[in-house]
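# Analysis of the macromolecular model
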Amino acid sequence: MDREQLKQRIINNLTNSDTDMQRWDSLQPSDPDYMMHSPAPVGYNTTAEQRFLMQNLLVGFAGGSLLDIGCGRCDLYGIAQELAALNEDIVAYNAIDHNPIMTQLGEQKWGLTDVNIGAFETAKFNKHEWVVASGVFTQRRCETEDDDLRKLFDDIDILYNLSTQVVSFNLLNPINTQQHDGFFYVHPGLIMDMLIEKYQFVNIRCNYSKDVYTVLIYKLQ
């Protein structure tokens with residue numbers, strides 16, 4: 001398949017996949033494709049919701065090296081491939097997750113090899129143009145909210161130092177939403193102020209959910 005055929009296939013997948021998405025959304029835990037294709041095991045209500053969230057994390061991505069932190073089933077790779085193909089480019093993909101079941105599913109689903117298993121905080125990676133963390137910071141990880149906030153900014157700094165162009169991640173929004181125990185909510189205004197002070201070039205997108213927003217940090221030359 002040449003580049004033009006690949007590009008057309010990607011466009012078709014982007015615009016004419018309602019039937020597939022409805023089938024994946026209706027999968028039940030007893031179905032053989034449930035873990036591979038249902039949005040539920042990776043924390044989404046629908047495939048459309050998952051795709052839109054991941055597209056938000058990749059606004060401006062047109063190909064190149066991508067490090068996927070907390071990759072789960074590596075579905076971000078599929079979105080990144082589509083965006084890169086539209087730009088006639090490829091994705092040099094690297095990923096890590098703490099759950100070996102999900103990384104194995106990602107390798108099987110996308111034909112990947114050597115998806116890393118473990119904690120990103122201690123893993124050794126070369127720098128990548130884009131570093132993306134989807135859903136990594138939604139659960140509380142410390143005893144107090146102050147410690148959770150310090151941990152968040154320490155982790156953002158790890159991602160920033162691994163990137164040469166863009167860092168993106170999502171957070172839970174405490175504004176006008178019902179908050180649940182065990183989850184970490186951070187006001188987007190606080191995040192904007194603190195990140196601009198440290199990194200300068202920051203964009204926050206509250207454009208698809210009352211509960212979740214996307215943060216992008218740019219490393220401009």
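Above this note sits the structure.
A short tour of the structure in this document, coming up. (Residues numbered from 1 in each chain as written. Predicted model: local features only at pLDDT ≥ 70, side-chain atom pairs only at ≥ 80, totals over all residues. Heavy atoms only, no water.)

## Some details on the nonpolar core
Counting 28 residues, the largest nonpolar core has Ile 69, Phe 137, Phe 169, Ile 191, Leu 195, Val 215 and Ile 217 as its most contacted members. Of all the elements in the fold, those that place two or more residues in this core are strand S1 (64-69), strand S4 (128-133), helix H7 (145-162), strand S5 (163-172), helix H8 (188-199), strand S6 (202-205) and strand S7 (212-218). Looking at this core, the element that brings in the most residues is H7, giving six residues. Leu 57, Leu 66, Val 166 and Leu 172 belong to the second largest nonpolar core, which has 26 residues in total. (Core = buried A, V, L, I, M, F, W, Y, C linked by side-chain atoms within 4.5 Å. Buried < 20%, exposed > 50% of the residue type's maximum accessible area, 1.4 Å probe, protein only. Helix = DSSP H or I, 4+ residues; strand = E, 2+ residues; numbered from the N terminus.)

## Quick look at the pairing of S7
Counting buried residues in S7 gives six out of seven residues, a clear majority hidden from the surface. Note: S5 against S7, seven bridges, orientation antiparallel. The partner of Asn 170 across the bridge, within S7, is Thr 214. Bridging between S6 and S7 involves four bridges; their strand directions are antiparallel. Note that in S7 the partner of Val 202 across the bridge is Ile 217. Following S6, the chain reverses through six residues before pairing antiparallel with S7. (Pairing = 2+ DSSP bridges.)

## Some thoughts on unusual backbone geometry
Positive phi is not limited to glycine here, since Cys 74 has a value of about 65 degrees. Along the chain, Cys 74 falls in the loop between S1 and helix H5 (75-86). Unusually for a residue other than glycine, Gln 200 sits at a positive phi of about 80 degrees. Examined against the element boundaries, Gln 200 turns out to sit in the loop between H8 and S6.

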